[in-house]
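Take a look at the letters that make up each chain.
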Amino acid sequence: MMKFTEEHEWLRVEGDEIVVGITIHAAEQLGDVVFVELPSEGTVVSKDDEVVVIESVKAASDILAPIDGEITEVNSTLTDTPGMVNDDPQGEAWFFKMKASDPSQMDEFMDEAGYQKFIG
Amino acid sequence: MSDLQQTPLYDLHLELGGKMVPFAGYSMPVQYPMGVMKEHLHTRNFAGLFDVSHMGQVILSGASWEAVATAFETLVPMDVLGLADGRQRYGLFTNDVGGIEDDLMFARRGNDLFVVVNAACKGADIARMKAALEPQVTVTAIDDRALIALQGPGAEAALATIDPTAANMRFMDFGALSLDGVEVWASRSGYTGEDGYEISVPADEAETVVRGLLAIEGVEPIGLGARDSLRLEAGLCLYGNDIDAQTNPVEASLNWAIQKIRRAGGAREGGYPGAQVVQAAFEDGVARKRVGLAPQGRAPMREGTQLYDAEDGGRLVGHVTSGSFGPTLGMPVAMGYVGAEYASVDTALWGEVRGKRLPVSVAKLPFVAANFKR
């Protein structure tokens, strides 16, 4: 099941890893993504650290680490084809996988229905 | 936000799904559902329709063309008097230190001048013209007309389906057209590097005219986002970013805009604010120049990015004034100011983006060749 943050990220548990991306709503708001800068695998992050830079034609924005943990894998396909973020934000265009230091931090996030209500 | 002004096309923007943002005191569409990238490419390949009604339209009139033109020449370093009827020219208001107060387009309409200025500067521009030119010249701000731009290789064919005489205009011609019975003032010019027209339309007819144009196959509404990336690829300055009150025209690489007749040794040399500074800049050169900048990686270098002459250490040699992604080229594009010794094409520099120095080359402007019908 996907969980959603107020920062418009989605998180999906996959074995002992958590896959992170941005929501369809966020991708629509950003517009055409032209550049993605991913963190290094093995980076240890704290919740709200800026981990990914994403740029549209008009502006740059950051994606924050949703929880504490370690980046275990990044989707380097996005570096060469950043437009995937617009084409399939909640599928192929995941940004990174991480191992959570404290999986209970996931509990505060919304489910899909809650997120839909949040974005109104 | 409630004090934002609306153009005569505001309701139509909402109907078309425009994403409205505040811009120079107006609520303007930054993009439509097509999105900035596709809107940009559509304009380069077909035809884009832009609402630029936020810009200032002004008419200067007086006893004769000579009276109007010579008066206007006291404010701009351009050859105004030599402008033929029905022709348009690019201009600059200068200040006492040779800086640029605004850039503008001016066209001769019989004995009158029709002037289009930037939205953010229009109040100051109108005040400047009134203070300097009245009462000999009457300065009339036009508040009852919309301004639209139809740009792209398909613009001529589209406009000519409504008034075939549109096809007879050449680049920088100006004149009246009749669009389904509505008399409009059109110039064959724009802000995209493409062929096209800017069209002044009575406000109460604007929506009808725009609906008529949008009904033509290949014409799509385009927002301010794509307008900005189009003008940047075309190497055109955005006032407030690439030129400002502290930048003189020679630093801005706008020498071409100052005709010989107004330069030192010309028949009507000087006589505009800051003329001595500008003439000295022509003669002695300048310490910094506006140049095109091509980031070598995929990361855009935005406005404010600092430029260095080495990857580590080195000297700060300039900064970016406009930077974005160029959809036509599929790579980032920028312009900015660098020390004159770094201004030649292909000079290797480094731009500092999020603490990292990334390679960027000085590039020839425009990035995308102009496609005008001369």
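**Quick look at the overall build of chain B**
- For chain B, the helix and strand inventory stands at eight helices and 19 strands.
- Computed over the C-alpha atoms, the radius of gyration of chain B is 21 Å, within 12% of the 21 Å expected from 2.2 N^0.38 for a compact globule of 374 residues.
- Each of the three principal axes of chain B carries a C-alpha extent, and together these read 65 × 50 × 40 Å.
- When each of the 374 residues of chain B is scored for burial, the buried share is 58%.
- Partitioning the contacts of chain B with sequence separation of at least 6, the portion at a separation of at least 24 is 65%.
- In the form shown here, chain B has an accessible surface area of approximately 14,600 Å², with 51% of it arising from carbon and sulfur atoms.
- Within chain B, the 46 negative side-chain charges are centred at a point lying 5 Å from the centre of the 32 positive side-chain charges.

**Considering the sheet that holds strand S3 (residues 17-22) of chain A**
Residue and element names in this part refer to chain A.
- Pairing is antiparallel in the open sheet, where six strands are placed in the order S1-S2-S3-S9-S8-S5. At either margin of the open sheet sits one strand with a lone partner, and together these are strand S1 (2-4) and strand S5 (44-45).
- Strand direction decides the pairing type here: S3 and strand S9 (residues 96-100), joined by three bridges, are antiparallel. Looking across to S9, one finds that Val19 is bridged to Lys97.

**Considering the packing of helix H2 (residues 36-45) of chain B against helix H7 (residues 224-233) of chain B**
Residues and elements named next belong to chain B.
- Running from amino to carboxyl end, H2 crosses H7 at an angle of 55°, the nearest separation of the two axes being 8 Å. It follows that H2 is oblique to H7 by the angle criterion. H7 is crossed by H2, and the crossing has right-handed handedness. Across from Val36, Glu39, His40, Thr43 and Arg44 in H2, the residues of H7 making contact are Gly225, Ala226, Ser229, Leu230 and Glu233.
- Here the residues of the contact of H2 with H7 sort into three nonpolar, four polar and three charged.

**Looking at the state of the cysteines**
- Applying the stated criterion across every chain yields a total of zero disulfides over all chains.
- With no disulfide of its own, Cys121 of chain B lies closest to Cys237 of chain B among cysteine sulfurs, the gap being 13 Å.

**Some words on the domain arrangement of chain B**
All names here are of chain B.
- We note that the domain assignment places domain 1 (10-49 + 144-233) and domain 2 (287-374) within chain B.
- The gap between the C-alpha centroids of domain 1 and domain 2 is 30 Å.
- Across the boundary between the two partners, domain 1 contributes 18 residues, which contact 20 residues of domain 2.
- Taken over both partners, the interface formed by domain 1 and domain 2 buries close to 1,600 Å², and the fraction arising from carbon and sulfur atoms is 61%.
- Looking at the side of domain 1 facing domain 2, the largest losses of area belong to Phe171, Leu232 and Glu233, adding up to 45% of the total buried there.
- Summed over the shared surface of domain 1 and domain 2, the result is one salt bridge.
- Note that Lys373 and Glu156 form a salt bridge whose closest N and O atoms lie 3.1 Å from each other.
- Linking domain 1 to domain 2 there are twelve residue pairs in polar contact (both at pLDDT 80 or more).
- Taken together, the elements giving at least two residues each to the side of domain 1 that touches domain 2 come down to H2 and H7.
- Here the residues of the side of domain 1 that touches domain 2 are counted per class, giving seven nonpolar, three polar and eight charged.

**Thoughts on the layout of surface pockets**
- Counted as a void, the second largest pocket has a volume near 290 Å³.
- Lining the second largest pocket we find 16 residues, and of these Ala27, Glu28, Gly31 and Asn86 of chain A together with Pro33 of chain B sit closest to its centre.
- Residue assignment for the lining of the second largest pocket shows that the elements contributing at least two residues are helix H1 (24-30) of chain A together with H2 of chain B.
- With three residues, the top contributor of residues to the lining of the second largest pocket is H1 of chain A.

Basis of the calculations
Residues numbered from 1 in each chain as written. Chains lettered and ligands numbered in written order. Predicted model: local features only at pLDDT ≥ 70, side-chain atom pairs only at ≥ 80, totals over all residues. Heavy atoms only, no water. Helix = DSSP H or I, 4+ residues; strand = E, 2+ residues; numbered from the N terminus. Rg over C-alpha atoms; globule rule 2.2 N^0.38 Å. Buried < 20%, exposed > 50% of the residue type's maximum accessible area, 1.4 Å probe, protein only. Contact = heavy atoms within 4.5 Å. Areas by Shrake-Rupley, 256 points an atom, 1.4 Å probe, with all protein chains shown as cover. Lys, Arg positive; Asp, Glu negative; His and termini not counted. Charge placed at Lys NZ, Arg CZ, Asp CG, Glu CD. Pairing = 2+ DSSP bridges. Axes fitted to C-alpha atoms, helices over the stretch in contact; angles between N-to-C directions. Parallel < 35°, antiparallel > 145°, perpendicular 65-115°, else oblique. Left-handed = near helix turned anticlockwise from the far one by under 90°. Nonpolar A, V, L, I, M, F, W, Y, C, P; charged D, E, K, R; others polar. Disulfide = S-S within 2.5 Å. Domains from an automatic or database assignment. Buried area = accessible area lost by both parts, 1.4 Å probe. Salt bridge = Lys/Arg side-chain N within 4 Å of Asp/Glu carboxyl O. Polar contact = N/O pair within 3.5 Å; in protein donor to acceptor, adjacent residues only side chain to side chain. 1 Å grid on protein atoms, 1.4 Å probe; cavity = no way out; pocket = protein on both sides within 12 Å on 5 of 7 lines; lining within 4 Å. Points joined across faces, edges and corners; volume = space filled by probe spheres on them.

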